[in-house]
Amino acid sequence: MTDKPKLRVLLCAPRGFCAGVVRAIDAVEEALRIHGAPVYVRHEIVHNKYVVEGLRAKGAIFVEELDEVPDTSKPVIFSAHGVPKAIPEEAVARNIFAIDATCPLVTKVHREAELHFRQGRQVILVGHAGHPEVVGTIGQLPPGSIILVQTVEDIENLQPKDEENLAYVTQTTLSIDDTRSMVDALLRRFPRMIGPHREDICYATTNRQEAVKHIAPVVDALLVVGSSNSSNSQRLKEVAERSGCKLARLVLRAEDVDWDLFSGITSLGITAGASAPEILVEEIMDAFAERFELHVETVSTADEAVFFPLPRELRQAV
Ligand code: 0CN
Ligand code: SF4
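We now turn to the structure provided with this report.

1. Quick look at unusual backbone geometry
Phi is mostly negative for residues that are not glycine, and the peptide bonds are mostly trans. Between Ala 13 and the following residue, Pro 14, the backbone shows a cis peptide bond with an omega angle of 0 degrees. As for its placement among the helices and strands, Pro 14 is situated in the loop between β1 (6-13) and α1 (19-35). Even without glycine at this site, His 43 takes up a positive phi of about 75 degrees. Within the fold, His 43 resides in the loop between β2 (39-42) and α2 (49-57). Residue class for His 43 comes out buried when judged on its relative accessible area of 13%. With a phi close to 60 degrees, Asn 95 is a non-glycine residue in the positive phi region. Looking at where Asn 95 falls in the secondary structure, it is placed in the loop between α3 (86-93) and β5 (98-100). For Asn 95, a relative accessible area of 67% corresponds to the exposed category.

2. Some details on the pattern of salt bridges
In a structure, side chains of opposite charge can pair up when their charged atoms sit close to one another. Evaluated as defined, the whole model comprises 23 salt bridges. With a shortest N-O distance of 2.8 Å, Arg 8 and Glu 297 are connected by a salt bridge. Taken together, the residues span a long stretch of sequence, with Arg 8 in strand β1 and Glu 297 in strand β12 (residues 293-300) at a distance of 289 residues. On the basis of relative accessible area, Arg 8 is assigned to the partly exposed category, the value being 39%. Salt-bridge contacts for Arg 242 lead to Glu 238; the nearest nitrogen and oxygen are separated by 3.8 Å. Linking Arg 242 with Glu 238, this pair stays in helix α9 (residues 231-242), spanning four residues, or about one helical turn. By relative accessible area, Arg 242 is classed as exposed at 52%. Its relative accessible area of 22% is what places Glu 238 among the partly exposed residues. Where salt bridges share partners, they join Asp 178, Arg 235, Glu 238 and Arg 242 into one cluster.

3. A few points about α2
Listed in full, the buried residues belonging to α2 are Val 51, Val 52 and Leu 55. All buried residues of α2 project into a common sector of 95 degrees when viewed along the axis, lining one side. Among the structural elements, α1 and β3 (60-63) are those in contact with the buried residues of α2. Phi turns positive, to about 115 degrees, at Gly 59, one or two residues after α2.

4. Focus: the layout of surface pockets
Considering only enclosed or pocket space, the largest pocket measures out at about 450 Å³ in volume. Around the largest pocket, the lining comprises 22 residues; the ones closest to its centre are Phe 78, Pro 88, Asp 100, Arg 312 and Glu 313. Of all the secondary-structure elements, those providing two or more residues to the lining of the largest pocket are α3, β5, α4 (104-118) and α11 (312-317). Ranked by the residues each element gives to the lining of the largest pocket, the list is headed by α3, at four residues. Classifying every residue of the lining of the largest pocket gives 10 nonpolar, four polar and eight charged. Each of domain 2 (19-102) and domain 3 (105-189) gives at least three residues to the lining of the largest pocket.

5. Looking at empty space enclosed by the protein
In this structure the tally under the stated criterion is one cavity of 30 Å³ or more. Taken as a whole, the largest cavity encloses approximately 300 Å³ of empty space. Among the elements that line the lining of the largest cavity, the one with the most residues is helix α8 (residues 203-215), at three residues. Class assignment for the residues of the lining of the largest cavity results in 12 nonpolar, 11 polar and one charged.

6. Focus on the packing of aromatic side chains
Under the definition given, this model contains three aromatic pairs. The interplanar angle of 65 degrees and the centroid separation of 4.7 Å between the aromatic rings of Trp 259 and Phe 288 together place this pair among those described as edge-to-face. Placement of Trp 259 in the loop between β10 (248-251) and β11 (267-272) and of Phe 288 in helix α10 (residues 278-291) is noted, with a sequence separation of 29 residues between them. On the basis of relative accessible area, Trp 259 is assigned to the partly exposed category, the value being 22%. Of the residues examined, Phe 288 reaches a relative accessible area of 1% and is grouped as buried. Every member of this aromatic cluster is reached through a ring pair, and the members are Trp 259, Phe 262, Phe 288 and Phe 292. Geometry around Trp 259 places Arg 291 over its ring, the cationic atom sitting 3.8 Å from the centre.

Rules and cut-offs
Residues numbered from 1 in each chain as written. Chains lettered and ligands numbered in written order. Predicted model: local features only at pLDDT ≥ 70, side-chain atom pairs only at ≥ 80, totals over all residues. Heavy atoms only, no water. Helix = DSSP H or I, 4+ residues; strand = E, 2+ residues; numbered from the N terminus. Buried < 20%, exposed > 50% of the residue type's maximum accessible area, 1.4 Å probe, protein only. Salt bridge = Lys/Arg side-chain N within 4 Å of Asp/Glu carboxyl O. Arc of directions from axis to C-beta. Contact = heavy atoms within 4.5 Å. 1 Å grid on protein atoms, 1.4 Å probe; cavity = no way out; pocket = protein on both sides within 12 Å on 5 of 7 lines; lining within 4 Å. Points joined across faces, edges and corners; volume = space filled by probe spheres on them. Nonpolar A, V, L, I, M, F, W, Y, C, P; charged D, E, K, R; others polar. Domains from an automatic or database assignment. Phe/Tyr/Trp six-rings, centres within 6.5 Å; stacked < 30°, edge-to-face > 60°. Lys NZ or Arg CZ within 6 Å of the ring centre and 35° of its normal.

Right, here's the structure in full:
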């Protein structure tokens, strides 16, 4: 007999690591294995403090800019979020051995932007100012070539050079619903604007949001496991709130759970951002199991079988 209150736990599937994150983390691990510690990583390889701390303990040194890297024969790995063109150029100029762990789905957006530019189109980027992916995408083209829009109001105020010659691209980790409204607003103002064949929002972002939409309306609370600087994780919390969940929280790990908030609930949804390791989901489940009698069900809304091979520089080394 247990006197713990019962808690029905609905685990979202898919959740957690996407193919781009697995590849980026593997790239750092493989670089450490081949080249020995230390290896340098420009920016958090993925936006998760637990992952970053784990790699730091194995000998990765994290920097924000290349000027923090000494003259070295050790590799410098670029994070999954992508970098402006100037960064690999700087690496070549300094004779730095660069390994690019940019997610192939971010690189795809870079190439789209470049192609539009070469075909004479002005490029509109839908995204969040200051996010490293947005900085990287803007940095694919000469300064001033890409216009960033963050809101429908920004779209109303747009003054493009030639309304007939426009294209848009988006950040990969945005809210599906917000982006649809933004794209609709763009097409209302500029009906001849060209966009991607499919969304630039990636499969992992899409599937994790879809799973949350299923679960959020039927649970008392929903936890998103992830870091606060992770765009895709923050969007999952927003999606939960907009789908009718009154209590949605983003937590890195069990010690961050505010237990007072969850004391009266009888059902809980759990998901994890694309950069959050499953071990932290397990840690949080264990912490709930200490306080509740859990009945766990997995609710699966999509199958994922995406795999990206390691960056070229590491494949050759292997
Ligand atoms: O959390 P992440 O490292 O990055 P954002 O969601 O903040 O973009 O997840 C991996 C996604 C990428 C690129
Ligand atoms: Fe790539 Fe999407 Fe994962 Fe970002 S969230 S690393 S774009 S698969």
